[in-house]
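# Structural description and commentary
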Amino acid sequence: MRNFGCKTNFSDLFSILGRIRKSNEIKITDMKESDIVILNSCSVTKDAEKELNKWIRKAKREGKKVIVTGCLPNLKKIADADLSIGSGNYNKISPEILQKVINEKTENKTEIRLNGLILDNSIVEDDVDFYDYESFPRSRAYLKIQEGCDKFCTFCSIPLTRGLPRFVSEEKVISKIKEFIERNFKEIVLVGTHLALYGKNGKNTGELNLGRLVKKIAKEFQGEKIKLRFSSLSPKEIDEQMLEGLELGKNIFCPHFHISVQSGSNRILKLMRRWHTFEDFINDSEKLLKLFPDACIGTDIIIGFPGETDKDFEETLRNIQSSEVGHIHVFPFSPRPKTPASFMRKVPEKEINERVKTMLKIANEKREKFFRRFVGKTLETLVEDVNGKIEGTTPNYINVLIENPSHNNKTKIEKGQILFCNIKDVKKNESKIYATAEIAQTE
Ligand code: SF4
């Protein structure tokens, strides 16, 4: 199995595996030994599609059957997949269909697509009921609480691939968090296509919304040794109730808020049909930093959206440089099928690449500057990798490398363990920026 794309897709992978494991038709092994591979696709960028096709070709060369899940099957035909099931349809994974894949000649392809923009909560509730807990990474669990979106930003195909908004009931969210705590997970990422649309499903769901859920979680899990992280938020969607819930749950919510602003130019935000301005993003960041002074504010920026002029780009650069952002995902504009922006006049690729390079430089400077604020401090760190070196992540999204773990620590360190680390320095290699540290104390 291989996952592409976002954390919601990643969370779905464990639900797909759970359904397959429950079908008792297929033994789950690692990719090398398997004769069927599951590729959980992403439709957000052209690159994600290219990457998927590379993995399909590789699997086919190795004589394996290919099951493609995720968003892309809902957007287009996946030529070489033996079975393609679009997200929102995993309740159709059955022993019969799996048997069909196993026994059928490769020329007979089975395709299951999202038909119609489903509004039914039950399927998303189902997805979380099938989690294959033993497949989750030891360090962190991913709990899907919301699905779908109805914003239809002009560049985005997600409403077409994930359907309209729906959500997992508050009771089920609380019971799933309890289950993850009982299974000794130290961190749970609350994921969704558009978290702030929690409580929305086209029906009258009254007072139900993300702020109310956050408050309920804060009350329910006060004092628990668990950390909860939000996958991503959007500007102009953090209301008073949410802030009250975050304040109440200061000890359990990670001070890391990824708020997707997409551009620093209000003219471009209008062309993207976004419902907020850049200033709304700054207001939200300031409200959160007042509550969590050490928080990491993350964001996404699309570079080269059709019509983006030098002036728009410079405005984005200036605004991002003057903001308190500590982490930036930089995306070159990628025209997606069936979206309005795919018909708009494009910025030349050469121009986009130049601008991406410039923005990536700023992104690295902001990341390094944010990490350097914590040199000399002791930070809680969740261990994620123990192969040779020990790597982990802090609640405020700092990547930590423990240089000589055995220096003042004789106990065996394991994935999913919490350490308290003295941040020594900030270094970078070709792929990332990280803080070096020594273990001050184990959990
Ligand atoms: S808010 Fe816009 S960018 Fe985000 S999922 Fe919805 S349509 Fe896509």
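For the structure, see preceding data.
What comes next concerns the included structure. (Residues numbered from 1 in each chain as written. Predicted model: local features only at pLDDT ≥ 70, side-chain atom pairs only at ≥ 80, totals over all residues. Heavy atoms only, no water.)

## Notes on the nonpolar core
Core analysis: the largest hydrophobic core is formed by 80 residues, its most contacted members being Leu143, Ile217, Leu246 and Phe257. The residue makeup of this core includes at least three contributed by each of domain 1 (2-112) and domain 2 (121-370). Each residue touching leucine 143, except ones within four places of it in the same chain, is listed here: Ser11, Val128, Tyr131, Val173, Lys176, Ile177, Phe180, Ile188, Val189, Leu190 and Val191. (Core = buried A, V, L, I, M, F, W, Y, C linked by side-chain atoms within 4.5 Å. Buried < 20%, exposed > 50% of the residue type's maximum accessible area, 1.4 Å probe, protein only. Domains from an automatic or database assignment. Contact = heavy atoms within 4.5 Å.)

## Section: the sheet that holds strand β18 (residues 433-442)
One closed barrel holds the 5 strands; their spatial order is β14-β15-β16-β18-β17, and the pairing between them is mixed. Strand-to-strand twist of the sheet, defined as the mean angle between neighbouring strand axes without regard to direction, takes the value 55°. Alignment of strand β17 (residues 418-428) against β18, held across 9 bridges, turns out to be antiparallel. Within β18, the residue paired with leucine 419 across the bridge is threonine 442. (Pairing = 2+ DSSP bridges. Helix = DSSP H or I, 4+ residues; strand = E, 2+ residues; numbered from the N terminus. Axes fitted to C-alpha atoms, helices over the stretch in contact; angles between N-to-C directions.)

## Quick notes on the site of the ligand
Neighbouring residues of the ligand: Cys149, Lys151, Phe152, Cys153, Phe155, Cys156, Ile158, Pro159, His194, Arg274 and Trp275. Looking at side-chain class alone, the shell around the ligand contains 8 nonpolar, 1 polar and 2 charged residues. (Near = heavy atom within 4 Å. Nonpolar A, V, L, I, M, F, W, Y, C, P; charged D, E, K, R; others polar.)

## So, the environment of histidine 258
Here histidine 258 lies in strand β11 (residues 256-258). Each C-alpha atom, one on histidine 258 and one on tyrosine 90, is 28 Å from the other, the two residues being 168 residues apart in sequence. Residue contacts for histidine 258: discarding those within four places in its chain leaves Ser231, Ser232, Leu233, Gly298, Thr299, Asp300 and His329. Within polar-contact distance, the side chain of histidine 258 engages the side chain of aspartate 300 at 2.8 Å. (Polar contact = N/O pair within 3.5 Å; in protein donor to acceptor, adjacent residues only side chain to side chain.)

## Remarks on helix α8 (residues 240-248)
Regarding α8, the residues found buried are Met242, Leu243, Gly245 and Leu246. Burial along α8 is one-sided: seen end-on, the buried residues are contained in an arc of 160°. In this structure, the buried residues of α8 make contact with α7 (210-220), β10 (227-230), β11 and α10 (278-291). (Arc of directions from axis to C-beta.)

## A look at the sheet that holds strand β9 (residues 187-191)
Spatially, the 3 strands line up as an open sheet ordered β6-β9-β10, and their pairing is parallel. Of all the strands in the sheet, the pair left with one neighbour each is β6 (141-144) and β10. Strand-to-strand twist in this sheet, taken as the mean axis angle between neighbours without regard to direction, amounts to 30°. The sheet contact formed by β6 and β9 spans 4 bridges and is parallel. Each residue of the ladder has a partner; that of alanine 141, found in β9, is isoleucine 188. Helix-sheet contacts for helix α1 (residues 7-23) involve β6 and β9, and the interaxial angle to β6 is about 100°.

## Comments concerning the pattern of salt bridges
One pass over the structure, following the stated rule, counts 41 salt bridges. In this structure, glutamate 147 and lysine 144 form a salt bridge, with 2.9 Å as the shortest nitrogen-oxygen distance. Assigned by exposure class, glutamate 147 and lysine 144 land together as buried. Across the pair arginine 373 and aspartate 294 runs a salt bridge, and its minimum N-O distance is 3.3 Å. Taken together, the residues span a long stretch of sequence, with arginine 373 in the loop between α12 (349-372) and β14 (378-385) and aspartate 294 in the loop between α10 and β12 (296-303) at a distance of 79 residues. In this structure arginine 373 comes out as partly exposed when scored by relative accessible area, which is 38%. (Salt bridge = Lys/Arg side-chain N within 4 Å of Asp/Glu carboxyl O.)

## Brief notes about the pairing of β17
When β14 meets β17, the two strands line up antiparallel, connected through 5 bridges. Within the sheet, the bridge partner assigned to leucine 379 lies in β17 and is cysteine 421. Hairpin geometry of β17 and β18 is characterised by an intervening segment of 4 residues between the two adjacent antiparallel strands.

## Quick look at unusual backbone geometry
Located in the positive-phi region is phenylalanine 152, a residue other than glycine, with phi close to 50°. Structurally, phenylalanine 152 can be placed in the loop between β7 (146-147) and α5 (158-162). Phi is positive for arginine 273, which is not a glycine, with a value near 60°. Examined against the element boundaries, arginine 273 turns out to sit in the loop between α9 (266-271) and α10.

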